[in-house]
Amino acid sequence: MKLLLVVTVALCAAHTEAQEQEGPRPPTPPPAWVAGRLEQLAPSSPESYFLLGEEVADLSPDMEQEALARRLFVLAYELDRARGPASRIAGSCCLALAGLERLEPTRRWLLAVAGAVDPRYARTDWSVAAAPLASDEVAFTAATALGQARAGEGIAARKLLSEPGVLPLLRSYERALSNTTATGAVFRVQKYASEWPCRTCDNKRVIPRTGPGGVEYRICPNCGGNPGPKLSEEELLVHLRFEAALLRGIQRSWSAQIAVDQAAPLRDPDPAAVAPTYGVDPALAYYRAGQWVARPGSTP
Ligand SMILES: [Zn+2]
């Protein structure tokens, strides 16, 4: 079994090299059970797109699965918006997309769009004093520390958490960072920061080993190739909402904006810009024979 894994990883590495020389390869089809579920999706139920997107996003850190999850979230978002303003899926879709997003400006923009489409994500309902306790810079550092801790970048997270004012800020809002009224959320963030990066592979996902044929790579046995703490969906949601609240103050501050993104223009949280941002055509909402089509009866 282990040998098979070694061979598979080696083949994958060779395949990637070949692919870089030959240009992009056609996308591989999703697993059969995912394809079966995709064919059952119908625009009358945006929820089913969202739920399948979450399942696909949980599958593996694979680029194609991630792209599929993103498409499902964008479709759920657009189908939900088309249904009218009352539903609550669109905002959740923005948060889910933000959770997959690696570019910080895009992530912040998605959180702002979530607030624009669903007042639940715009309202500050923390049971703490409304007056800000910290400067924008400290709030930004705190938000970044949370993101790094969640990403398994423990060294960077510990450094940011040790900066002046950051832990006191997090502790003073600890109840907002917890999905219950219990304390302990800041302790959990510190624990994530101290447990990662992976002690076996240093977040490289694989470990090298010299074998008879040279250096071979095996999936890291400690983190299983997926480093970082495992947060519950609820905990992630609370984190993202808390970060959005921290960063909302920053959006208003010109000096902090320069510090954050070198004065790149702030992007308007336009709800209509989500699908174009991800290159998804919301009219193609049916999955048939491996492709997205506009009508259930049409074949690609
Ligand atoms: Zn590892």
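Above this text you will find the structure in question.
> Explain the overall build of the chain to me, please; I cannot follow it from the model alone.
Scanning the chain for helices and strands turns up 13 helices and 4 strands. By the burial criterion, 40% of the 300 residues in the chain qualify as buried. Here the analysis covers contacts within the chain between residues at least 6 apart in sequence; of these, 62% occur between residues at least 24 apart. Total accessible area computed for the chain in this model is approximately 16300 Å², and 58% of it derives from carbon and sulfur atoms.

> What is the right way to read the packing of helix α7 (residues 136-150) against helix α8 (residues 154-161) from this model?
Axis angle and axis distance: for two packed helices, these are the angle between their axes and the distance between the axes, and together they describe the pair. Viewed as axis vectors pointing N to C, α7 and α8 meet at an angle of 155°, and their least axial separation amounts to 8 Å. Of the possible angle classes, the one that applies to α7 and α8 is roughly antiparallel. You can see that α7 and α8 cross each other, and the crossing is left-handed. Together, Thr141, Thr144, Ala145, Gln148 and Ala149 of α7 and Ala156, Ala157, Leu160 and Leu161 of α8 make up the contact between the two elements. A breakdown of the residues in the contact of α7 with α8 according to their chemical character gives 6 nonpolar, 3 polar and no charged.

> Sorry, what's going on with the pattern of salt bridges here?
A pair can form between side chains of opposite charge whenever their charged atoms are brought close. Across all of its chains, the model carries 10 salt bridges by this definition. The closest approach of N and O atoms between Glu235 and Arg188, which form a salt bridge, is 3.0 Å. Of this pair, Glu235 sits in helix α11 (residues 233-251) while Arg188 sits in helix α10 (residues 185-195), placing them 47 residues apart in sequence. Assessed through its relative accessible area of 9%, Glu235 is described here as buried. Judged by relative accessible area, Arg188 falls into the partly exposed class, the value being 29%. The shortest N-O distance in the salt bridge between Lys191 and Glu195 comes to 3.2 Å.

> Just checking my understanding: could you explain the coordination of the zinc ion for this structure?
Tetrahedral coordination by four donors puts the ideal angle at the metal at 109.5 degrees, and octahedral coordination by six puts it at 90 or 180 degrees. Around the zinc ion, the donor atoms from the protein are Cys198 (SG), Cys201 (SG), Cys220 (SG) and Cys223 (SG), and they sit 2.2 to 2.3 Å away. Classification of the site at the zinc ion as tetrahedral follows from its 4 donor atoms and the range of 105 to 119° in their angles at the metal. For Cys198, a relative accessible area of 3% corresponds to the buried category. Here Cys220 falls in the buried class, since its relative accessible area comes to 1%.

> When you look at the nonpolar core in this model, what are you seeing that I'm missing?
Nonpolar side chains in soluble globular proteins generally cluster together in the buried interior. Of all hydrophobic cores here, the largest spans 41 residues; its most connected members are Leu38, Tyr49, Leu72, Val274 and Trp292. Within the residue set of this core, elements represented by two or more residues are α2 (32-40), α3 (46-59), α4 (63-83), α5 (89-100), α6 (104-117), α11 and α13 (274-277). Residues Ala139, Val166, Val189 and Leu247 belong to the second largest nonpolar core, which totals 24 residues.

> What is the right way to look at the side chain of Thr141 in this model?
Here Thr141 shows up in helix α7. Overall, Thr141 belongs to the buried group, its relative accessible area being 13%. Of note is the side chain of Thr141, whose polar atom sits 2.8 Å from the backbone oxygen of Glu137. The residues contacting Thr141, other than those within four sequence positions of it, are Leu160, Glu163 and Val166.

Rules used throughout
Residues numbered from 1 in each chain as written. Predicted model: local features only at pLDDT ≥ 70, side-chain atom pairs only at ≥ 80, totals over all residues. Heavy atoms only, no water. Helix = DSSP H or I, 4+ residues; strand = E, 2+ residues; numbered from the N terminus. Buried < 20%, exposed > 50% of the residue type's maximum accessible area, 1.4 Å probe, protein only. Contact = heavy atoms within 4.5 Å. Areas by Shrake-Rupley, 256 points an atom, 1.4 Å probe, with all protein chains shown as cover. Axes fitted to C-alpha atoms, helices over the stretch in contact; angles between N-to-C directions. Parallel < 35°, antiparallel > 145°, perpendicular 65-115°, else oblique. Left-handed = near helix turned anticlockwise from the far one by under 90°. Nonpolar A, V, L, I, M, F, W, Y, C, P; charged D, E, K, R; others polar. Salt bridge = Lys/Arg side-chain N within 4 Å of Asp/Glu carboxyl O. Donors = N, O, S within 2.8 Å, 3.2 Å for Na, K, Ca; no water. Tetrahedral: all angles 85-135°; square planar, octahedral: opposite > 155°, others 65-115°. Core = buried A, V, L, I, M, F, W, Y, C linked by side-chain atoms within 4.5 Å. Polar contact = N/O pair within 3.5 Å; in protein donor to acceptor, adjacent residues only side chain to side chain.

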